[in-house]
Amino acid sequence: RKLRTYNCVPVFLSQRQVKRYYEGYANNTIWPLFHYFQSLAQYKDEYWNSYREVNEIFKKAVIKRADEESLIWVHDYHLMLLPQSLRLALPKSSIGFFLHIPFPSFEIFRLLPNRKAILEGLLGADLIGFHIYDYARHFMSSVLRLLGFDQHSGTITVNDRVVKVDAFPIGIDYKKYQSMLKDQVVLDELKQLDDFYGECKVILSMDRLDYSKGIMSRLEAFELFLKENPKYLKRVVLVLIAVPSRVNVESYKHLRESIESKVGNINGAYSTVDWAPISYQFRDLPFEKIIALMAKSDIALITPIRDGMNLVAKEYVAAKQKRNGVLILSEMAGAIDELPEALQINPNDKRSIIIAIKTALNMPVAEQKLRLRLMQQRLSDYSVQSWASDYINQLELAKTIQVKQYDKMLNSEARRQL
Ligand code: GDG
């Protein structure tokens, strides 16, 4: 009933489907493999069968409400078979697909037992979007090697049908950040944080509790930073927000234990009665608290091992309208392409993280401002609204090209027959 008010129609899954499709194929097979954690990927027939089954359920839900005039936009790795099954049901409709996670290189993708079916499923779309061009390139290379369809300037011809592949880096609701920073609740939160932390520098770390986010290597680097730089004891605090995610998946349970034990060790070793190096929270926070924390923090430490884009990095920059701060960002996040003024680190190189923390703590205000301004300009130019309309425009364009191509083929066929 609640979803209806947003004009949304839910697709309900059984407990068994949640286990096998959502926790199974989506989050125990595709998620780890596409993030290059191949040793965590599990290949089970029951996962795959359930994935096919649920994609069919989604198809039925869509065709109940759509027709050949509809524009259909399918999102993410949970529904990679859906474009092709919709294509068979509604051959003339406009179908777009967008992947929110990385598409891995062929050498990784080829490990997937159902690799051809996944590619065929995606190629049912008229436009296939990725965050960055590297992912699009990996996809096109897998299509060539596994299905034999080559690409020309991002266009693949699949049995007379033209499919467009392109990069659309997702943005954020930039204006919302600007206006929320004036909200009284946010200002009150910010005041409380200022009073509480005083002169202490705040380093923010905020992500879903996920192995792809590099939380462990971040903690290890922070521990080494404290050990090697005792002058920062009592002068710096790491605010570590880990948002609960996929809590029933085994690898996530283990990760949570390791993180909590590491936080305990670091706090145990360095805390004093009036200071602890890490303030840890394992919970979902309200938006007002998040934005206040972002505005407050002197540094955002974002170190994913792999990340399709990473919105937190963009949000941190957007939250710095009045105050300064330094973004430290992993080279492995898709967002790095649009945020090159961040201090870039390799998450596997603890030394690079320590150097970045020290550089950030000592960066002159003028330099912080300059870096932020350049990034902010880019983020406000390509917001999430521009991203969505750009995608839809390109989808409409792809359809027009397809229709023209089809007419051309019909004409040459007719000429041959004359
Ligand atoms: C996937 C891809 C890609 C975080 N904690 C709380 C909270 N958040 C919000 C953040 C941000 C979002 O959740 C997380 O987005 P990310 O992009 O950082 O990461 P994923 O969840 O892994 O998203 C990623 C994204 O899809 C979009 O395409 O960028 O690469 O993995 O917006 O602010 N929100 C609330 N409470 C929290 O405690 N309300």
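As shown above, the structure is provided for reference.
It should be emphasised that the depicted structure is a prediction, and the values quoted were computed from it without experimental measurement.

A. Quick peek at the site of the ligand. Near the ligand, the surroundings consist of 18 residues, among which His100, Arg208, Leu285, Asp307 and Glu315 are the closest. Here an oxygen atom of the ligand sits 2.7 Å away from a polar atom, N or O, in the side chain of Arg208. At a separation of 2.8 Å, an oxygen atom of the ligand approaches a polar backbone atom of Met309. Summarising the interface, the protein chains cover 78% of the accessible area of the ligand, which totals 730 Å² for the free molecule. Taken atom by atom, the bulk of the ligand overlaps the largest pocket. Breaking the shell around the ligand down by element, the ones donating at least two residues are strand E7 (201–208) and helix H12 (311–318). For the shell around the ligand, the leading source of residues is H12, giving 3 residues.

B. View of the sheet that holds strand E4 (residues 151–152). Pairing is mixed across the open sheet formed by 6 strands, whose spatial order is E1-E2-E3-E6-E5-E4. At either margin of the open sheet sits one strand with a lone partner, and together these are strand E1 (71–75) and E4.

C. Examining the environment of Lys369 more closely. Position of Lys369 relative to the elements: it lies in helix H14 (residues 365–381). Separated by 43 residues in sequence, Lys369 and Val326 place their C-alpha atoms 9.0 Å apart.

D. Examining the side chain of His138 more closely. Along the chain, His138 turns up in helix H6 (residues 133–147). Residues in contact with His138, not counting those within four places in the same chain, are Tyr36, Phe103, Pro104 and Ser105.

E. Spotlight on the packing of helix H9 (residues 215–228) against helix H13 (residues 350–361). One can describe the packing of H9 onto H13 by two numbers: an axis separation of 9 Å at closest approach and a directional angle of 60°. In this structure, the crossing between H9 and H13 has a hand that is right-handed. Residue-level contacts link Ser217, Glu220, Ala221, Leu224, Phe225 and Glu228 of H9 to Lys350, Arg351, Ile353, Ile354, Ile357, Lys358 and Leu361 of H13. Taken together, the residues of the contact of H9 with H13 sort by class into 7 nonpolar, 1 polar and 5 charged.

F. Examining the pairing of strand E11 (residues 326–330) more closely. With 5 of its 5 residues buried, E11 lies for the most part within the structure. The alternating pattern of E11 places Val326, Ile328 and Ser330 and Leu327 and Leu329 on opposite faces, both of which are buried. Read as a crossover between parallel neighbours, the route from strand E10 (residues 299–302) over H12 to E11 is right-handed. The pairing of E11 with strand E12 (residues 343–345) spans 3 bridges and is classified as parallel. Bridging from a neighbouring strand, Ile328 pairs with Leu343 of E12.

G. Representation of the packing of aromatic side chains within the structure. Following the criterion strictly, the structure yields 22 aromatic pairs and no others. When the ring of Phe103 is compared with that of Phe139, the centres are 5.4 Å apart and the planes differ by 85°; the resulting orientation is edge-to-face. One end of the pair, Phe103, is in the loop between strand E2 (94–98) and helix H4 (106–109); the other, Phe139, is in helix H6, with 36 residues separating them in the sequence. A single burial state applies to Phe103 and to Phe139, both of which are buried. The cationic tip of Arg246 hangs over the ring face of Trp31; the distance from NZ or CZ to the ring centre is 4.1 Å.

H. Layout of the layout of surface pockets. The volume enclosed by the largest pocket comes to roughly 740 Å³. Forming the walls of the largest pocket are 33 residues, and the residues nearest its centre are Arg208, Lys213, Asn310, Leu311 and Val312. Elements represented by at least two residues in the lining of the largest pocket include exactly helix H1 (15–34), E7, helix H11 (287–296) and H12. Within the lining of the largest pocket, the residues separate by chemical class into 16 nonpolar, 8 polar and 9 charged.

I. Focus on empty space enclosed by the protein. Tallied over the full model, the rule gives 1 cavity of 30 Å³ or more. As a volume, the largest cavity reaches approximately 50 Å³. If you trace the largest cavity, you find it lined by Gly325, Val326, Leu327, Glu341, Ala342, Leu343, Met363, Gln368, Arg371, Leu372 and Met375. For the lining of the largest cavity, the secondary-structure elements that each account for two or more residues are E11 and H14. By residue number, the principal contributor to the lining of the largest cavity is H14, which donates 4 residues.

J. Structural view of the side chain of Ser297. Relative to the assigned elements, Ser297 resides in the loop between H11 and E10. Residues within four places of Ser297 in sequence aside, it is in contact with Val202, Leu204, Tyr316, Lys320, Asn324 and Gly325.

K. Local environment of the sheet that holds strand E8 (residues 236–243). The strand order across the open sheet built from 6 strands is E9-E8-E7-E10-E11-E12, with neighbouring strands paired in parallel fashion. The open sheet has two free edges, formed respectively by strand E9 (278–282) and E12, since each of these has just one partner strand. Along the sheet, successive strands turn relative to each other by an average axial angle of 20°, direction set aside. Where E7 lies against E8, 8 bridges are found, and the strand directions are parallel. In the sheet register, Val202 faces E8, and the bridge partner there is Val237. Along the sheet face, H13 touches E7, E8, E10, E11 and E12 and points at about 165° away from the line of E12.

L. Representation of unusual backbone geometry. The backbone of Tyr36 shows a phi angle near 70°, a positive value even though the residue is not glycine. Within the secondary structure layout, Tyr36 lies in the loop between H1 and helix H2 (45–65). We classify Tyr36 as partly exposed; its relative accessible area is 24%. At Ser153, a position not held by glycine, the phi torsion is positive, near 45°.

Thresholds applied
- Residues numbered from 1 in each chain as written.
- Predicted model: local features only at pLDDT ≥ 70, side-chain atom pairs only at ≥ 80, totals over all residues.
- Heavy atoms only, no water.
- Near = heavy atom within 4 Å.
- Polar contact = N/O pair within 3.5 Å; in protein donor to acceptor, adjacent residues only side chain to side chain.
- Areas by Shrake-Rupley, 256 points an atom, 1.4 Å probe, with all protein chains shown as cover.
- 1 Å grid on protein atoms, 1.4 Å probe; cavity = no way out; pocket = protein on both sides within 12 Å on 5 of 7 lines; lining within 4 Å.
- Sits in = over half its atoms within 2 Å of the grid points.
- Helix = DSSP H or I, 4+ residues; strand = E, 2+ residues; numbered from the N terminus.
- Pairing = 2+ DSSP bridges.
- Contact = heavy atoms within 4.5 Å.
- Axes fitted to C-alpha atoms, helices over the stretch in contact; angles between N-to-C directions.
- Left-handed = near helix turned anticlockwise from the far one by under 90°.
- Nonpolar A, V, L, I, M, F, W, Y, C, P; charged D, E, K, R; others polar.
- Buried < 20%, exposed > 50% of the residue type's maximum accessible area, 1.4 Å probe, protein only.
- Right-handed = clockwise from strand over helix to strand, strands pointing away.
- Phe/Tyr/Trp six-rings, centres within 6.5 Å; stacked < 30°, edge-to-face > 60°.
- Lys NZ or Arg CZ within 6 Å of the ring centre and 35° of its normal.
- Points joined across faces, edges and corners; volume = space filled by probe spheres on them.

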